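# Analysis of the macromolecular model
As a plain string of letters, each chain reads:
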Amino acid sequence: MSIHPDHRHDLGTTPADHPSAEPAGDDTLDLRVDDLVALLTGGRPDTAPDTVPGTGLGIDAGTDRSAGPDTDTAVDSRLDGDLLDSVASWAPADTRFGSFRLVPVRPGRDLPLLSRWMNDPAVAAFWELAGPETVTAGHIRAQHEGDGRSVPCLGVLDSTPMSYFEIYRADLDPLARAYPARPHDTGIHLLLGGVADRGRGVGTALLRAVADLVLDHRPRCTRVVAEPDIRNTPSVSAFLSAGFRYAAEIDLPDKRAALMIRDRALRHVL
């Protein structure tokens, strides 16, 4: 299962080719005053260790990396950016497959694993990040060097890194031009790294768990959104099974997407 995050390109103005399934909203790409204040005044965490908590996964000092300790130290200073209410501090979630948590990516530690996943043909078909490690490194760097509106994370299940997530502010993203965004809408991208974890309900369980984490830790967020490729039937099906509803089809630069929404008001119903 994978969702290609191609809306990170500048969308320009999206024509209204079809009626929206959502009420009209604001185009909210610019930071709001409260978000700007959070960026300027928010606290920063202490330097994090070079391991994924609870896994023992560390950096191989003998291997060349396109991003090293100095880069990771700079990343540490942004792990708890307040635009997403401190993703790094979110508690683990229980799933039927085990304990799951989001761990913000550190390039010096995680880049080889992420690059290997991106070179899986099933993943590359949607993420389009196949190639040397520098390709994946550039994708991660763009998020780390931003203002904190997107946080790349490892998905760690029972101490094993097995998936990749991007938690992002959909209302501050170019995606907001393609649908009627609401303040603090939060988006999800994901991929499952191992073939053994695909097709047996793991993606559905993790999507539900991550959506619940967002709603539990982001009180101002009323909706979790996603935009899988409309052709990616397994992904769309997983979102539906995870309590998301199909809201509309939207045109993004490289795909026609299914706009999937999980509403806070319906989280205990769907």
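Reference entry: report on the structure contained in this document. (Residues numbered from 1 in each chain as written. Predicted model: local features only at pLDDT ≥ 70, side-chain atom pairs only at ≥ 80, totals over all residues. Heavy atoms only, no water.)

### A look at the packing of aromatic side chains
To keep it simple, the criterion reads: Stacked, tilted and edge-to-face are the three classes applied to pairs of Phe, Tyr and Trp rings, where Trp contributes its six-membered ring and a pair requires centres within 6.5 Å; stacked means planes under 30 degrees apart, edge-to-face means over 60, and tilted covers the rest. For each residue, the accessible area found with a 1.4 Å probe, counting protein chains only, is set against the maximum for its type, and the residue is called buried under 20%, exposed over 50%, and partly exposed in between.
Enumeration over the complete set of coordinates arrives at three aromatic pairs. Look at Phe239 and Phe244: their rings are 4.9 Å apart centre to centre, the planes differ by 85°, and that puts the pair in the edge-to-face class. The burial state of Phe239 is the same as that of Phe244; both residues are buried.

### A word on the pairing of strand β8 (residues 255–263)
Which entries qualify depends on this criterion: Labels follow the DSSP assignment, with helices taken as runs of H or I lasting at least four residues and strands as runs of E lasting at least two, numbered in each case from the N terminus. By the convention used here, strands pair only if DSSP detects at least 2 bridges between them.
With respect to burial, β8 is a largely interior element, eight of its nine residues being buried. Two elements, strand β6 (residues 223–226) and β8, share four bridges in a ladder whose sense is antiparallel. Bridge pairing in β8 places Val224 opposite Arg262. As paired strands, strand β7 (residues 245–252) and β8 are joined by seven bridges and run antiparallel to one another. Directly across from Ala248, in β8, lies its bridge partner Leu259. What sits between the antiparallel neighbours β7 and β8 is a turn of two residues.

### Let's talk about the packing of helix α3 (residues 107–118) against helix α5 (residues 133–144)
So the rule is basically this: Note on method: axes are straight lines fitted to C-alpha atoms, helices fitted across the in-contact stretch only, with angles between N-to-C directions ranging 0 to 180 degrees. We call two directions roughly parallel when the angle between them is under 35 degrees, roughly antiparallel when it is over 145, roughly perpendicular when it lies between 65 and 115, and oblique otherwise. By convention the crossing between two helices is left-handed if the near helix lies anticlockwise of the far one by an angle smaller than a right angle, and right-handed if it lies clockwise. Should any heavy atoms of two residues lie within 4.5 Å, those residues are considered in contact.
It is at 9 Å that the axes of α3 and α5 come closest, and there the two elements cross at 120°. In terms of axis orientation, α3 runs oblique to α5. As for how α3 packs across α5, the hand of that crossing is right-handed. Here α3 contributes Pro107, Leu111, Pro112, Leu114, Ser115 and Met118 to the contact with α5, which in turn contributes Glu133, Thr136, Ala137, Ile140 and His144.

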